[in-house]
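Overview (structure and organization)
These are the residues of each chain, in order.
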Amino acid sequence: MSYVDEVLERVKTKNASEPEFLQACEEVLESLRPVIEKNEALYKKEALLERLVEPDRQFKFRVPWVDDKGQVQVNTGYRVQFNNAIGPYKGGLRLHPSVNIGIIKFLGFEQIFKNSLTGLPIGGGKGGSDFDPKGKSDREVMAFCQSFMTELCKYIGADVDVPAGDIGTGAREIGYMFGQYKRIRGMYEGVLTGKGLTYGGSLARTEATGYGLLYITQELMKDHGESMEGKTVVVSGAGNVAIYAIQKAQQMGAKVVTCSDSTGWIYDPEGIDVDLLKEVKEVKRARLTEYAAARPSAQYHEGRGVWSIKCDIALPCATQNELHLDDAKQLVANGVKAVCEGANMPTTLDATKYLQENGVWFICGKAANAGGVATSALEMTQNSERLSWTFEEVDAKLQQIMVNIYHNINDAAKRYGMEGNYVAGANIAGFEKVANAMLAQGVC
Ligand SMILES: NC(=O)C1=CN([C@@H]2O[C@H](COP(=O)(O)OP(=O)(O)OC[C@H]3O[C@@H](n4cnc5c(N)ncnc54)[C@H](O)[C@@H]3O)[C@@H](O)[C@H]2O)C=CC1
Ligand SMILES: O=C(O)CCC(=O)C(=O)O
């Protein structure tokens, strides 16, 4: 049995109840086969893969808080510090009822390679809770965030582990958490990113993941002799990543005709009105039915369905495993050219395979959505030097990082004879740097 198969077997036995984590491990290890085979004896002796799939440590803790009726509620908090070979742990905090240790581990594992691809000194981590901010008052959200940080603050720090936002965690939640960290630890440091602009946040961090997704998509199109101008784009999600992906795609001359949330989706053949979408989702925190009610050209549908719309480019920006094999078949039948993932692991393994086998240019999330964490690392830099850069400075750095990621993953795939396989390229390029750092640092 090959070393990769041995490790995959062990991971499956050890983490049998964590399907998302197994899916992420399988995707990464399968595409690393040619790299591992080249150095199998060394990697095996050093147990490099075993160390890579085992988090450095994971915290699970009780989060009690009081709701508006005076009732005590209890949620579970998590932080997984996966790998700090190339820098302090870095990765977001997800607040969603579906959160469990397997989901946090898959996200933390992906984050190792993503953060490596940015070219910046950040390791991989992730956290969150099964708390649902939806439908809660600001006071309830604050009570939860303060309780969550009361425990989390023992394990994090500006040079140790720097959390940020993710699903359900936006500027409001980061603000409450930062306030509590400062209060308990008695220090003012860049311990979180995605902070407000008045207390250490970076310009362009809000836009960064969506904008970065479009910068890499544009580079992909350019490399294939195409442009964004006039392309029809289908987007899923209506949160932070989706909104700024839609905005940048439109600035590049494309027409974005869909968005979605967990209850339904919008088809707007005249193009999504991004200001209206921001008003509905960012300001009112309302459902997409409100968008449809205010926009005569929009059709609202219950359930899922954005992938049934004919498009040139598809950008899944909601959550994991939201683009299935049937969706991939429909996209291919409708002539899609490119699929680039704004969310983390939104495409199932069989759908990814189908898209790749049918000639679709497919860039996986760890490369395509790396602009968010890259800009978080730029926020850390600004905090360390006690300076703030202009929007244009940060945006220019973000663009360059995304263009570099495209060429690095493209070159890595070519080096191993897999030209055009950007999934393999991303895993290989992300892995090489982390593996070299781990080997240089000895057994730890
Ligand atoms: N915010 C960031 O900077 C980054 C986010 N990501 C990933 O992008 C994705 C979206 O994150 P954000 O936009 O930040 O979150 P968000 O909370 O702002 O928006 C999430 C969107 O996805 C939808 N959604 C969530 N769970 C769903 C489900 N089970 N079924 C259908 N729709 C669902 C929500 O309705 C919402 O429209 C996630 O996979 C996240 O991990 C990746 C890199 C950075
Ligand atoms: O900005 C960050 O530190 C984290 C972003 C994140 O969670 C992600 O890349 O999935």
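Above this text you will find the structure in question.
Read on for an overview of the structure. (Residues numbered from 1 in each chain as written. Chains lettered and ligands numbered in written order. Predicted model: local features only at pLDDT ≥ 70, side-chain atom pairs only at ≥ 80, totals over all residues. Heavy atoms only, no water.)

Concerning the overall build of the protein
Secondary structure summary: the protein contains 17 helices and 13 strands in total. The C-alpha radius of gyration computed for the protein amounts to 21 Å, which stays within 12% of the reference 22 Å derived for 444 residues, consistent with globular compactness. Each principal axis of the C-alpha atoms in the protein carries an extent, and together these give about 60 × 55 × 45 Å. Contacts spanning at least 24 positions in sequence make up 71% of the contacts within the protein whose residues lie at least 6 apart. Looking at the protein as shown, the accessible area adds up to about 17,400 Å², and 50% of this sits on carbon and sulfur atoms. Distance between charge centres in the protein, computed from 49 positive and 56 negative side chains, equals 4 Å. (Helix = DSSP H or I, 4+ residues; strand = E, 2+ residues; numbered from the N terminus. Rg over C-alpha atoms; globule rule 2.2 N^0.38 Å. Contact = heavy atoms within 4.5 Å. Areas by Shrake-Rupley, 256 points an atom, 1.4 Å probe, with all protein chains shown as cover. Lys, Arg positive; Asp, Glu negative; His and termini not counted. Charge placed at Lys NZ, Arg CZ, Asp CG, Glu CD.)

Remarks on the site of ligand 1
Surveying the vicinity of ligand 1 reveals 23 residues, the closest of which are Asp166, Thr209, Ala238, Asn240 and Asn344. One of the backbone nitrogen or oxygen atoms of Asn240 is found 2.9 Å away from an oxygen atom of ligand 1. In the environment of ligand 1, an oxygen atom lies 3.0 Å from a nitrogen or oxygen atom belonging to the backbone of Val241. Relative to its free-state accessible area of 820 Å², ligand 1 is covered by the protein chains to the extent of 82%. (Near = heavy atom within 4 Å. Polar contact = N/O pair within 3.5 Å; in protein donor to acceptor, adjacent residues only side chain to side chain.)

Structural notes on the pairing of strand β1 (residues 57–66)
Examined bridge by bridge, β1 and strand β2 (residues 72–83) share ten bridges and lie antiparallel to one another. Its bridge partner being in β2, Trp65 is matched across the sheet by Gln73. Taking the residues between adjacent antiparallel strands as the criterion, β1 and β2 are bridged by five residues, where Gly70 takes a positive phi near 90 degrees. (Pairing = 2+ DSSP bridges.)

Some remarks on the pattern of salt bridges
Tallied over the full model, the rule gives 29 salt bridges. A salt bridge links Arg295 to Asp268; its shortest N-O distance comes to 2.7 Å. Linking Arg295 in the loop between α11 (288–294) and β10 (299–302) with Asp268 in the loop between β9 (264–267) and α10 (274–283), this pair joins segments that are 27 residues apart in sequence. Residue classification places Arg295 among the buried positions, given a relative accessible area of 17%. On the basis of relative accessible area, Asp268 is assigned to the buried category, the value being 0%. The residue Arg287 makes a salt bridge to Glu302 at a minimum N-O spacing of 3.7 Å. Highlighted residues: Arg287 in the loop between α10 and α11 and Glu302 in strand β10, separated in sequence by 15 residues. Among the ionic contacts, a cluster of salt bridges with common partners joins Glu6, Arg10, Lys44 and Glu50. (Salt bridge = Lys/Arg side-chain N within 4 Å of Asp/Glu carboxyl O. Buried < 20%, exposed > 50% of the residue type's maximum accessible area, 1.4 Å probe, protein only.)

None of the figures reported here should be taken as evidence of function without further support.
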